[in-house]
Amino acid sequence: MADLEQARAAKERLRADLAGRPDVRGIGITPDGDGYLLQVNVSARGRSAEVPRAVDGVAVKVRVVGAISASA
């Protein structure tokens with residue numbers, strides 16, 4: 001399991017790797033058991049296979065969230 005500092009460092013690397021992809025809606029850190037993992041929110045399942053399963057030993061989970069729009 002990754003600790004919070006490992007997850008933060010891996011998140012920054014993953015953010016740089018996925019920069020500019022229009023299907024990526026967000027990248028975050030989420031608790032997983034006794035540690036943390038990265039969660040990548042994507043708009044559709046299509047290119048989710050191109051997201052790595054781990055970054056620097058930190059697991060990555062892909063979540064399809066669909067289109068995101070502002071609400072009031």
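Before reading on, note that the structure itself is shown above.
Basis of the calculations
- Residues numbered from 1 in each chain as written.
- Predicted model: local features only at pLDDT ≥ 70, side-chain atom pairs only at ≥ 80, totals over all residues.
- Heavy atoms only, no water.
- Pairing = 2+ DSSP bridges.
- Helix = DSSP H or I, 4+ residues; strand = E, 2+ residues; numbered from the N terminus.
- Contact = heavy atoms within 4.5 Å.
- Axes fitted to C-alpha atoms, helices over the stretch in contact; angles between N-to-C directions.
- Salt bridge = Lys/Arg side-chain N within 4 Å of Asp/Glu carboxyl O.
- Buried < 20%, exposed > 50% of the residue type's maximum accessible area, 1.4 Å probe, protein only.
- Core = buried A, V, L, I, M, F, W, Y, C linked by side-chain atoms within 4.5 Å.

Topic: the sheet that holds strand S2 (residues 35–42)
Read from one edge to the other, the open sheet built from 4 strands follows the order S1-S2-S4-S3, with strand pairing classed as mixed. The sheet is open, and its two borders are formed by strand S1 (24–32) and strand S3 (54–55), each paired with just one other strand. Pairing between S3 and strand S4 (residues 58–64): 2 bridges, direction antiparallel. Following the sheet pairing, alanine 54 is matched in S4 by alanine 59. The strands touched by helix H1 (residues 4–18) within the sheet are S1, S2, S3 and S4, with S1 carrying the most contacts at an inclination of about 165°.

Some details on the pattern of salt bridges
Within this structure, the stated rule accounts for 4 salt bridges. For the salt bridge of aspartate 56 with arginine 13, the shortest nitrogen-to-oxygen distance reads 2.5 Å. With a gap of 43 residues between them, aspartate 56 in the loop between S3 and S4 and arginine 13 in helix H1 connect regions that are remote in the sequence. We classify arginine 13 as partly exposed; its relative accessible area is 43%. The partner of aspartate 23 in a salt bridge is arginine 21, and the shortest N-O contact between them spans 2.7 Å. Among the residues examined, arginine 21 registers a relative accessible area of 13% and is labelled buried.

Considerations on the nonpolar core
What tends to happen in soluble globular proteins is that the nonpolar side chains get buried as a cluster. Within the largest apolar cluster, 14 residues are counted, with the highest numbers of intra-cluster contacts made by Leu14, Val40 and Val60. Secondary-structure elements contributing two or more residues to this core are H1, S1, S2 and S4. Setting aside residues up to four positions removed in sequence, valine 40 forms contacts with Leu14, Leu18, Val24, Gly26, Ile27, Val51, Val60, Lys61, Val62 and Arg63.

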